[in-house]
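Each chain is listed here by its residues.
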Amino acid sequence: MKLGFIQYDVKHNKEENFKCIEKSICKKEYDLLVLPELSLCGYLFEDRNDLRKIAEVVPNGDSVKRMLEISKKHNCGIVFGMAEQEGENIYNTAVLVHRGRYIGKYRKIHLSDLEKKIFDRGEKNEIFEIDGIKIGIQICFDLWFPEISREQIRKGANLLCALANFGGETTCSIARIRAVENLTPLLLCNRIGREVLQGIDAQFLGKSALIDVNGKSIAVGKKGKEAVSCCMLELGNKRSNLICRDFDEEISIHYKNEYGTK
């Protein structure tokens, strides 16, 4: 697949963000493109009421409809982040669209203390399929919990995608570990820019990356700079390396008692 990311300074203005996305997407051809966490609205909000003003329903909201049109026009899949409203709840959500079709959504499960003040926690860890490729999606802090990735590959994912808003180097290292320990490529998209609110000064690192099963970064966005990248990567269904012909079989050992597998 042709896998890529667009690393940009996300604004608190949906139209500006869409203009940046539409301008950047024309520079490459993709099978699957990943955008940052909350890629349409920005990250810091005063409170839930402030966040509620920009949150939308999925999949029937205007932003999803617009992204469906973009994915159809460019004949690709897009994973993007947005604030989702469902009833009284608001979620930090990643949405997958593919060539004009809505595929599904993932709601961030692991929230930081700051995020817990305005977002509700997601509960489902599902995988999604496009063009025969099974994709696990997670959002930023989710990467710190190996259970998320492991559960996704046990469900058959052969590609992991992570949308992010982080400022330190640690999450970059964790992303490489997740790819290696699961023998599964990982496509990470992190934003750049700065947001300041109520004594919080958030500066976002960038350094998005497409990481192979050996932890090697095939493509990397520069620190603090806009980046548009696309690389071809072969995705397989069997996880193996020089010392283990069937990695999934070894993993299953740890779940025998839980699931009664043999």
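Everything quoted here is computed from the prediction, not taken from an experiment. (Residues numbered from 1 in each chain as written. Predicted model: local features only at pLDDT ≥ 70, side-chain atom pairs only at ≥ 80, totals over all residues. Heavy atoms only, no water.)

Evaluation of the coordinates by the stated rule reveals 22 salt bridges. For lysine 207, the salt bridge goes to glutamate 169, with nearest N and O atoms at 3.0 Å. Pair noted here: lysine 207 is in the loop between strand E11 (200–205) and strand E12 (209–211) and glutamate 169 is in the loop between strand E8 (159–164) and helix H6 (170–181), with a separation of 38 residues, a long-range link. You can call lysine 207 partly exposed: its relative accessible area is 27%. Put simply, Asp9, Lys11, Arg191 and Glu195 are held in one network by salt bridges that share partners. (Salt bridge = Lys/Arg side-chain N within 4 Å of Asp/Glu carboxyl O. Helix = DSSP H or I, 4+ residues; strand = E, 2+ residues; numbered from the N terminus. Buried < 20%, exposed > 50% of the residue type's maximum accessible area, 1.4 Å probe, protein only.)

Our next topic: the sheet that holds strand E13 (residues 217–220). Pairing is mixed in the open sheet, where six strands are placed in the order E6-E7-E8-E9-E12-E13. Edge positions in the open sheet fall to strand E6 (127–130) and E13, since each of these has one partner strand only. Across the sheet, the axes of successive neighbouring strands diverge by a mean angle of 20 degrees, strand direction being ignored. Pairing analysis gives three bridges linking strand E9 (residues 186–190) to E12, with the strands arranged antiparallel. Considered in E12, the bridge of leucine 188 is made with alanine 209. (Pairing = 2+ DSSP bridges. Axes fitted to C-alpha atoms, helices over the stretch in contact; angles between N-to-C directions.)

Within this structure, the stated rule accounts for three aromatic pairs. With a centroid separation of 5.9 Å and an interplanar angle of 55 degrees, the aromatic rings of phenylalanine 141 and tryptophan 144 are classed as tilted. Exposure remark for phenylalanine 141: the relative accessible area of 26% places this residue in the partly exposed category. Three or more aromatic residues joined by ring pairs form one cluster here, namely Phe141, Trp144 and Phe145. One cation-aromatic arrangement involves arginine 107 over tyrosine 91; the distance from NZ or CZ to the ring centre is 3.9 Å. Across the ring face of tyrosine 255, the terminal group of arginine 154 is positioned such that the distance to the ring centre comes to 3.7 Å. (Phe/Tyr/Trp six-rings, centres within 6.5 Å; stacked < 30°, edge-to-face > 60°. Lys NZ or Arg CZ within 6 Å of the ring centre and 35° of its normal.)

With twelve residues, helix H3 (residues 62–73) extends 17 Å from end C-alpha to end C-alpha; this agrees with the ideal 16 Å at 1.5 Å per step. Within H3, burial applies to Ser63, Val64, Met67, Leu68, Ile70 and Ser71. Burial along H3 is one-sided: seen end-on, the buried residues are contained in an arc of 165 degrees. What points out from H3, more than 90 degrees from its buried face, is the exposed set Asp62, Glu69, Lys72 and Lys73. Contacts made by the buried residues of H3 are with helix H1 (14–25), strand E3 (77–86), strand E4 (89–98) and strand E5 (101–107). Where H3 terminates, the next one or two residues include asparagine 75, which has phi positive at roughly 55 degrees. (Expected span 1.5 Å × (residues − 1). Arc of directions from axis to C-beta. Contact = heavy atoms within 4.5 Å.)

Time to look at the packing of H1 against H3. In helix packing, the relevant descriptors are the interaxial angle and the interaxial distance, both defined with respect to the helix axes. Close contact between H1 and H3 brings their axes to 12 Å; oriented N to C, the two are set at 10 degrees. Looking at the two axes, H1 sits roughly parallel to H3. The way H1 lies across H3 gives a crossing that is right-handed. Where H1 abuts H3, its residues Lys14, Glu15, Phe18, Ile21, Glu22 and Ile25 lie against Asp62, Ser63, Arg66, Met67 and Ile70. In terms of residue class, the contact of H1 with H3 is built from five nonpolar, one polar and five charged. (Parallel < 35°, antiparallel > 145°, perpendicular 65-115°, else oblique. Left-handed = near helix turned anticlockwise from the far one by under 90°. Nonpolar A, V, L, I, M, F, W, Y, C, P; charged D, E, K, R; others polar.)

Spatial relationships are all this shows, so hold off on functional conclusions.
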